[in-house]
Amino acid sequence: MAPSESQLRADIVEVGRRLYARGYTASNDGNISVRLDSARLLVTPANVCKGFMNEPMMVITDLDGRKLAGERHPSSEIQMHLEVYRQRPEIQAVVHAHPPIATAFAVAGIPLDRAVLAEVVTTLGSVPIAEYATPSTKELPEAVRKYVKAHDGMLLANHGALTLGADLFSAYYKMETIEHFANISFIARMLGGERLLSREEVVRLQGLRGRYGIAAPAPICSDPVAGSQADSADCQVVVAPPSRSGERLVPDRVGPVGADDEIRLTYRELTALIEDAVRNLK
Ligand SMILES: [Zn+2]
């Protein structure tokens, strides 16, 4: 049976409280929404700290974001939520926050796409970064659209994170998983880099999704074709090369530097290289 409106109001209050208590939002950041029925959403109000909301505060809107009931204005970032509901009819709830470690990855432009934790591979697959867009503009839903069909969680470049689920708590728990994953990834990189799961293991973990009742799409790797030399090219997550399972990944690099790879030089190193080249010309 679908939860009652009063239950959903109480659940939004609780999710907001947890987001704020865990430091995933500061001040009035973040927003939460849930489907009330096929035509209406229950949405957190703008300009309110999500840690101290009460049930009557929530706003009811239609699927175009127009207010139908409530004293306050709906969150200014509601467009991003509407885009999720348009693209994913089965999704019931959306959570947006700025958890600090995951947001730091989003600010650094580093997606959380390495196959390192079995639970994350099974529940979320990879966590991509939606391109930067000004918050509260139409650009943000456009950036989200590209990833939302195949991902239940994503980073938003220079902004925060977005998660979706079959109910409010499953969307909220995905936010917890992303921040936890970001924390572990960060520390593992400080310790010399992650050891990647193999492609075979990733495919096996994907196979468990059905057993755990995970219906979300997120195809992480396509099934290897029998007899073919499968590699990571058709995987969304970064997996270990076939013969080098468990090998430590150099921080921020996968494999040796190739001809088309980006390399980074300090200003001093670049100047020295140019001076060298000029000297050789003379
Ligand atoms: Zn935000």
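Shown above is the structure to which this text applies.
Below, the structure is looked at part by part. Keep in mind it's a predicted model, so treat the numbers as computed, not measured. Along each chain, numbering runs from 1 in the same order as the chain's sequence is written. Where local features are concerned, this predicted model is filtered to residues with pLDDT of at least 70; where side-chain atom pairs are given and counted, the filter is 80 or more; whole-chain, interface and lining totals use all residues. Values reported for side chains reflect all heavy atoms of the structure, with hydrogen atoms and water molecules removed beforehand.

Quick notes on the overall build of the protein chain
Elements are defined by DSSP. Helices are runs of H or I of four residues or more, strands are runs of E of two residues or more, and each kind is numbered from the N terminus. If you tally the helices and strands in the protein chain, you get eight helices and eight strands. Throughout, exposure labels follow a simple rule: accessible area from a 1.4 Å probe, protein chains only, divided by the maximum for the residue type, with under 20% read as buried, over 50% as exposed, and the rest as partly exposed. When burial is assessed residue by residue, the protein chain has 45% of its 282 residues classed as buried. Looking at the protein chain alone, contacts between residues at least 24 apart form 64% of all its contacts between residues at least 6 apart. Contact criterion: two residues are considered in contact whenever any of their non-hydrogen atoms come within 4.5 Å of each other.

Observations regarding a nonpolar patch on the surface
In this scheme, patches are assembled from residues that exceed 30% relative accessible area and form no salt bridge. Like charges are connected within 9 Å, while nonpolar side chains (Val, Leu, Ile, Met, Phe, Trp, Tyr) are connected within 5 Å. All accessible areas in this document rest on Shrake-Rupley with a 1.4 Å probe, and a residue is counted as covered only by the protein chains that are shown. Definition used for salt bridges: Asp or Glu carboxyl oxygen within 4 Å of a side-chain nitrogen of Lys or Arg. Together, Phe186, Ile187, Met190 and Leu191 make up a nonpolar patch on the protein surface, roughly 440 Å² of accessible area in all. Assignment of secondary structure puts isoleucine 187 in helix α6 (residues 168-190).

A short note on the coordination of the zinc ion
The zinc ion binds to the protein through His96 (NE2), His98 (NE2) and His159 (NE2); the donor distances cover 2.0 to 2.2 Å. Each metal's donors are the N, O and S atoms found within 2.8 Å of it, except that Na, K and Ca use a 3.2 Å limit; water is left out, so coordination can look incomplete. Binding-site remark: the zinc ion is held by donors from one chain whose sequence spacing is H-x1-H-x60-H. Judged by relative accessible area, which is 0%, histidine 96 ranks as buried. Look at histidine 98 and you get partly exposed, because its relative accessible area is 22%.

Some remarks on helix α3 (residues 100-108)
Where α3 is concerned, the buried positions are Ala102, Thr103, Phe105 and Ala106. Down the axis, α3 shows its buried residues gathered within 150 degrees of arc, on one side only. Looking at the packing, one finds that the buried side of α3 touches β6 (129-130), β7 (153-156), β8 (160-165) and α6. Glycine 109 sits one or two positions beyond α3 and adopts a positive phi of about 75 degrees. Working definition: the arc comes from the directions between the helix axis and the C-beta atoms, pointing outward to the latter.

Re the packing of helix α1 (residues 5-21) against α6
Comment: axis = line fitted to C-alpha atoms, over the contacting stretch for helices; angle = value between 0 and 180 degrees taken between N-to-C directions. At a minimum axis separation of 10 Å, α1 and α6 run at an interaxial angle of 10 degrees. Compared by their axis directions, α1 and α6 come out roughly parallel. Between α1 and α6, the contacting residues are Leu8, Asp11, Ile12, Glu14, Val15, Arg18 and Leu19 on the first element and Leu168, Phe169, Tyr172, Tyr173 and Met175 on the second. Taken together, the residues of the contact of α1 with α6 break down into nine nonpolar, no polar and three charged. Each angle receives one of four descriptions, namely roughly parallel if under 35 degrees, roughly antiparallel if over 145, roughly perpendicular if within 65 to 115, and oblique otherwise. Three categories are distinguished: nonpolar for Ala, Val, Leu, Ile, Met, Phe, Trp, Tyr, Cys and Pro, charged for Asp, Glu, Lys and Arg, and polar for the others, with Gly belonging to the last.

Structural notes on empty space enclosed by the protein
Using only the protein atoms, space was sampled on a 1 Å grid; points where a 1.4 Å probe fits but cannot get out form cavities, open sets with protein on both sides within 12 Å along at least five of seven lines form pockets, and lining residues are those with an atom within 4 Å of a point. Grid points are joined across faces, edges and corners, and a volume is the space filled by probe spheres set on the points. Summed over the entire model, instances satisfying the criterion amount to one cavity of 30 Å³ or more. Of the voids in this model, the largest cavity is the one considered here, and its volume is about 30 Å³. Lining the largest cavity, in full, are Leu112, Asp113, Arg114, Ala115, Leu117, Val120, Val121, Gly125, Ser126, Phe181 and Val237.

Focus on the pattern of salt bridges
For the structure on display, the rule yields 17 salt bridges. Put simply, glutamate 5 and arginine 9 hold a salt bridge, and the shortest N to O gap is 2.9 Å. Linking glutamate 5 with arginine 9, this pair stays in helix α1, spanning four residues, or about one helical turn. Residue classification places glutamate 5 among the partly exposed residues on the basis of a relative accessible area of 31%. Close ionic contact of aspartate 62 with arginine 66 constitutes a salt bridge, the shortest N to O distance being 3.0 Å. On the basis of relative accessible area, arginine 66 is assigned to the exposed category, the value being 52%. If you follow the salt bridges from partner to partner, you end up with Arg88, Glu90, Asp152 and Lys174 in one network.

Observations regarding the pairing of β8
Taken across its six residues, β8 has six buried, putting it largely inside the fold. Only when DSSP finds a minimum of two bridges between them are two strands counted as paired. A loop of three residues connects β7 with β8, the two strands running antiparallel in sequence, and asparagine 158 in this loop sits at a positive phi of about 50 degrees.

Points about the sheet that holds β8
In space, the eight strands of this open sheet follow the order β4-β3-β2-β1-β5-β8-β7-β6, with mixed pairing throughout. Lying at the two open borders of the sheet, with one neighbouring strand each, are β4 (67-69) and β6. Inspection of the sheet shows strand β1 (residues 31-35) paired to strand β2 (residues 40-43) by three bridges, in the antiparallel sense. Along β2, the bridge assignment pairs valine 34 with leucine 42. Sitting on the sheet, α1 touches β1, β2, β3 (59-62) and β5 (93-97), and the angle it makes with β1 is about 155 degrees. Its contacts with the sheet place α3 against β6, β7 and β8, and it is angled at close to 60 degrees to β7.

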